[in-house]
Amino acid sequence: MAEFLMLMHGDYDLHGKAEDWQTYLDMLGSIGALRGGSAIGSGLCVRRRGPIPEISRQLVGYVKFEARDWDHARDLVQGNPVYVAGGTVEIRELPETG
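Please read all numbers here as calculations on a predicted model, not as lab measurements. (Residues numbered from 1 in each chain as written. Predicted model: local features only at pLDDT ≥ 70, side-chain atom pairs only at ≥ 80, totals over all residues. Heavy atoms only, no water.)

A separate point is the overall build of the protein. Of the regular secondary structure elements, the protein holds three helices and four strands. A principal-axis box enclosing the C-alpha atoms of the protein has dimensions of 45 × 40 × 20 Å. When burial is assessed residue by residue, the protein has 27% of its 98 residues classed as buried. Taking all contacts inside the protein whose residues are at least 6 apart in sequence as the whole, residues at least 24 apart take part in 75%. Surface exposure of the protein reaches about 6700 Å², of which carbon and sulfur atoms provide 50%. Here the protein carries 10 positive and 14 negative side-chain charges, and the mean point of each set is 11 Å from the other. (Helix = DSSP H or I, 4+ residues; strand = E, 2+ residues; numbered from the N terminus. Buried < 20%, exposed > 50% of the residue type's maximum accessible area, 1.4 Å probe, protein only. Contact = heavy atoms within 4.5 Å. Areas by Shrake-Rupley, 256 points an atom, 1.4 Å probe, with all protein chains shown as cover. Lys, Arg positive; Asp, Glu negative; His and termini not counted. Charge placed at Lys NZ, Arg CZ, Asp CG, Glu CD.)

Right, dumping it as C-alpha cells:
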C-alpha cells in the first residue's frame, strides 16, 4: 500500500453539505484507507532568499489516505464532496523516504 494526499481546490460550491464530508470520511475509514485530513486555512510562504511567492490559495483542504496503486487512489475520489460538486481534487503520492 502507498500513501497519498487528495488536495481539494476551492473551485466548487458545496451549498453547506458538511454531512457529506462525514459520510465520505466514514467510508474511507471503514475500508481502512483514511489516514487523516483537514480543511486548510490562511497561511504564508517563507523563503530564506529571493522574492517570497504568494500562497497557493486554490488549496482548501486535504485527505491523507492509503491505496494499492494509482487506479485505486483514483477510485477513492468517488464520493469526495468537492469532486461530486464539480470541483478539482488533486491526487499526490507521498513517496517513501529514508
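Before going further, it helps to spend a moment on the packing of aromatic side chains. A full pass over the atoms with the stated rule returns three aromatic pairs. Residues Phe 4 and Phe 65 carry aromatic rings whose centres are separated by 5.6 Å and whose planes lie at 20 degrees to one another, so their mutual orientation is stacked. Taken as a pair, Phe 4 in strand S1 (residues 2–9) and Phe 65 in strand S3 (residues 59–67) lie far apart in primary sequence, 61 residues in all. Overall, Phe 4 belongs to the buried group, its relative accessible area being 1%. What makes Phe 65 buried here is its relative accessible area of 0%. On the numbers, 6.1 Å between centres and 75 degrees between planes, the contact of Trp 21 with Tyr 24 is edge-to-face. Taken together, the positions of Trp 21 and Tyr 24, both in helix H1 (residues 18–30) and three residues apart, correspond to about one turn of that helix. You can call Trp 21 partly exposed: its relative accessible area is 21%. Look at Tyr 24 and you get buried, because its relative accessible area is 3%. (Phe/Tyr/Trp six-rings, centres within 6.5 Å; stacked < 30°, edge-to-face > 60°.)

A separate point is the side chain of Asn 80. The residue Asn 80 is located in the loop between helix H2 (70–75) and helix H3 (81–84) in this model. With relative accessibility at 0%, the residue Asn 80 sits in the buried group. Sequence-distant contacts of Asn 80, that is, excluding residues within four places in its chain, are made with Met 6, Met 8, Trp 21, Tyr 24 and Val 89.

So, on to the pairing of S1. Counting buried positions along S1 yields seven of eight residues, so the element is predominantly enclosed. Pairing geometry for S1 and S3, over eight bridges, is antiparallel. Opposite Leu 5, over in S3, you have Lys 64 as the bridge partner. Pairing between S1 and strand S4 (residues 89–94): six bridges, direction antiparallel. Across the sheet, the residue bridging to Met 8 is Val 89, located in S4. (Pairing = 2+ DSSP bridges.)

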